[in-house]
Amino acid sequence: MAHIWQEIAAKISPKTIIAAILFVLVGAYIVTQTPTVTVSWVVVILMFTIYLFVFEIVDVDVAAVSIMVLLGLTSIPLLGGLMGLEAPLVDSGKLFNGFSSNAVMSIIAVMIIGAGLDKTGIMSKVATFILKVGGTSETRIIPIISSTVGIISSFMQNVGAAALFLPVVSRISARSGLPMSRLLMPMGFCAILGGTVTMVGSSPLILLNDLIATSNESLPDGAEPMELFGLFSVTPIGLALVLAGIIYFVVAGRYVLPVAKVESESKNGLEYFQDVYGINYDVFEVVIPPNCELVNKHLDDVETEYKIRIVASKSGNRVKIGPGAHDRDTDFVSNMVLGVVASPEDLDYFVEKYHLWKHKEIKVFSEALSSAKAGMAEVVIPPSSNLVGKSARDVWMRKVYGIAMVGLHRAGNTMREGEDIRSIPLQAGDTLVVHSTWASLQRLEKDPDFLVVSTEFPHEELRPQKVVWAGIFFLVALSLVLFSDIRLSIALLTGALGMILSGVLRMDEAYRAVSWKTVFLLASLIPLGMAVETSGTAAWIAKLTLSVVGDMPPIVIQTSIAILATFFTLVMSNVGATVLLVPLAVNIANGVGADPALYALTVAIATSNSFLIPTHQVNALIMGPAGYRVADFIKAGSIMTILFLVVSMTMMWLIF
């Protein structure tokens, strides 16, 4: 608990305090305009939710759960009476419906199915195929990668598709000589666009039918309920968007993608990290002589000061390397042999300072630190990681995970050992340059808190013999969705369960495949959507909006909703934006006599229009490995944002 409050305190700044004051003032004014006390309280909670999402005082999933609990507390008679409520904002019996909702269970199943397909090694085969077809031509590889990711992300979460393809693109970059910076942005953008190809491609679209069903329950007597969308109802729109994205990068890629030097892991690994991150570290072996000043000091006493990292040690007959081997309180002792990662200059200074014995070559650790057993690697912190907001020191990274961080790359800048990088709270998209044993790195590949980018190291055996079973149960799930009236969640869970029963995935691997942060975020926000709809808040906001745009042509009104959804998704989660705006869009449509289902779809599509800044999870994921800066996203994303609006609105008007 104390740790959480420390994190909150660290995020409070003059900017967040000023913003809080402005939110309170705006909220106070809006409350004076609301028609009922119930609507007033819903507006207050909405403003509070938006504030928490925009400034991330706490993690978005914590914020969502807090809002859900706050809504539930209004069912206490005493508290409800003090608030002037005649009834709870959300029926306590329906408060946790989100956790059993069709949308949440569908997302869980999609994540498990995606992990099953990856476990069979299909993605490595995809990389080989792309290289075979595309060769080393950027104009050929970009369309192949982008279209492949776009199609894959239409059947699984787009951040999951991007995470699967990040090592694939790294491998393609290594083998083709093309820089990652020229390949990752087209891949990432098309992963986002691919989420609009089917109704299971992104969380907003999975959630849409549930929100429409909720809106149908609030329709006035005699009103015709909205029809739910089928799996491929949005496919023409999504395919047009993916095609537009591919054409955009093929035609304009040379102008909007950052120009970077060739980054290739195929050359000597140390040269790669020197070229990309400016880190000229190597592995050395030194011995602590008797009566050395270093004896009885801790690792933490010297590592940051002398810009070195201890990755192995031998005292007596015991060799220590990997998880649990060292922590910052480990003592130096006489005659201890150390495996040290450092630049030659820093190592020489350290040796001279303490009069250490430096071996001309690696002797004691020749096996343990050989290139076949250990080396440098790149690891990215994904948006769903539990390590976001924590530092390497907080989690005892070297001791717990067996990786020694020597560099932290963020927003185009690389910080190195000696800059106290282990005390810096991690952010989504951070790239960690680490020294690790390959065994430890293989374990990290299974850990959802990390995404291992490096591919050129010995891997564990996948399960290619299960590829047929994976394909069968993927097709079973797809067939049930297409050719039966069974609920989407049951159809997808059938495929997910088949992956487990057939041995494609173990149950613990299935659990790890699920982003529980996403699950709690989505499930906890559903009650807020219910409150907005049933309290009359959505109808009231819609009435105000209509007073401004009601006399304009329908295309202008619909485009205004799309622009509003685009803005919201840049500053908060796309799930949150969808939950807040779908009820509003439905009420606006009813007010102007338009199709409410189409306006709801407009919101769910437009919340994927998140290219301008790296706030989307996919953009945060690719920023570090490619060395992108915010300016790179603004340059490429500004045109993509406009293109998205034009193509999506045109397609919706042509189809619907």
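Given the structure is predicted, the values throughout are model-derived calculations rather than measurements.

1. Considering the overall build of the protein chain
A tally of regular secondary structure across the protein chain gives 28 helices and 10 strands. Taken against the 2.2 N^0.38 rule, which gives 26 Å for 656 residues, the C-alpha radius of gyration of the protein chain at 27 Å falls within 12% of a compact globule. With respect to the principal axes defined by its C-alpha atoms, the protein chain has extents near 90 × 60 × 50 Å. Scored against the burial criterion, the 656 residues of the protein chain give a buried share of 55%. Here the analysis covers contacts within the protein chain between residues at least 6 apart in sequence; of these, 79% occur between residues at least 24 apart. Taken as a whole, the protein chain presents about 27,000 Å² of accessible surface, with 62% of it coming from carbon and sulfur. Here the protein chain holds 43 positive side-chain charges and 52 negative ones, and the gap between their average locations is 6 Å.

2. Some thoughts on the sheet that holds strand 6 (residues 374-380)
Reading across the sheet, the 5 strands line up as 8-7-9-6-10 and stay open at both edges, with antiparallel pairing between neighbours. The outermost strands of the open sheet, each flanked by one partner alone, are strand 8 (413-416) and strand 10 (451-452). Two elements, strand 7 (residues 403-410) and strand 8, share 4 bridges in a ladder whose sense is antiparallel. Among the inter-strand pairings, Leu-408 is bridged to a residue of strand 8, identified as Met-415.

3. Some details on the sheet that holds strand 3 (residues 318-321)
Read from one edge of the open sheet, 5 strands run 3-2-4-1-5, paired in antiparallel fashion. Whereas interior strands pair on both sides, the edge strands pair on one side only; in this sheet they are strand 3 and strand 5 (357-358). As paired elements, strand 2 (residues 309-315) and strand 3 share 4 bridges and run antiparallel to each other. Its bridge partner being in strand 3, Ser-315 is matched across the sheet by Arg-318.

4. Let's talk about the UniProt feature "domain: RCK C-terminal" (unreviewed entry) in the protein chain
The feature "domain: RCK C-terminal" (unreviewed entry), as given by UniProt, occupies residues 271-356 and 364-450 in the numbering adopted here. Taken end to end, residues 364-450 is 20% helix and 30% strand, and its two terminal C-alpha atoms sit 31 Å from one another.

5. Digging into the packing of aromatic side chains
Counting across every chain of the model gives 16 aromatic pairs. One residue, Lys-399, lies across the ring of Trp-396, its end atom 5.7 Å from the ring centre.

6. Comments concerning a negative patch on the surface
On the surface, Asp-301, Glu-305, Asp-329 and Asp-331 cluster together to form a negatively charged patch. Tracing the backbone shows Asp-329 in the loop between strand 3 and strand 4 (337-342).

7. As for a nonpolar patch on the surface
On the surface, a cluster of nonpolar side chains totalling about 710 Å² of accessible area is made up of Phe-48, Val-69, Leu-70, Leu-73, Ile-76, Leu-78, Leu-79 and Leu-82. Mapped onto the elements of the fold, Phe-48 is located in helix 3 (residues 37-55). What makes Phe-48 partly exposed here is its relative accessible area of 40%.

8. A closer look at the pattern of salt bridges
Evaluation of the coordinates by the stated rule reveals 15 salt bridges. With a closest N to O distance of 3.7 Å, Lys-119 and Glu-509 form a salt bridge. In this pair, Lys-119 sits in helix 6 (residues 102-119) while Glu-509 sits in helix 21 (residues 507-513), placing the two residues 390 residues apart along the sequence. Like Lys-119, the residue Glu-509 is buried in the burial classification. Its salt-bridge partner being Asp-508, residue Arg-506 comes within 3.2 Å of it at the nearest N-O pair. Its relative accessible area of 39% is what places Arg-506 among the partly exposed residues.

What counts as what
- Residues numbered from 1 in each chain as written.
- Predicted model: local features only at pLDDT ≥ 70, side-chain atom pairs only at ≥ 80, totals over all residues.
- Heavy atoms only, no water.
- Helix = DSSP H or I, 4+ residues; strand = E, 2+ residues; numbered from the N terminus.
- Rg over C-alpha atoms; globule rule 2.2 N^0.38 Å.
- Buried < 20%, exposed > 50% of the residue type's maximum accessible area, 1.4 Å probe, protein only.
- Contact = heavy atoms within 4.5 Å.
- Areas by Shrake-Rupley, 256 points an atom, 1.4 Å probe, with all protein chains shown as cover.
- Lys, Arg positive; Asp, Glu negative; His and termini not counted.
- Charge placed at Lys NZ, Arg CZ, Asp CG, Glu CD.
- Pairing = 2+ DSSP bridges.
- UniProt positions renumbered as here; feature names shortened; annotations may be inferred.
- Phe/Tyr/Trp six-rings, centres within 6.5 Å; stacked < 30°, edge-to-face > 60°.
- Lys NZ or Arg CZ within 6 Å of the ring centre and 35° of its normal.
- Patch = residues over 30% accessible without salt bridge, like charges linked within 9 Å, V, L, I, M, F, W, Y side chains within 5 Å.
- Salt bridge = Lys/Arg side-chain N within 4 Å of Asp/Glu carboxyl O.

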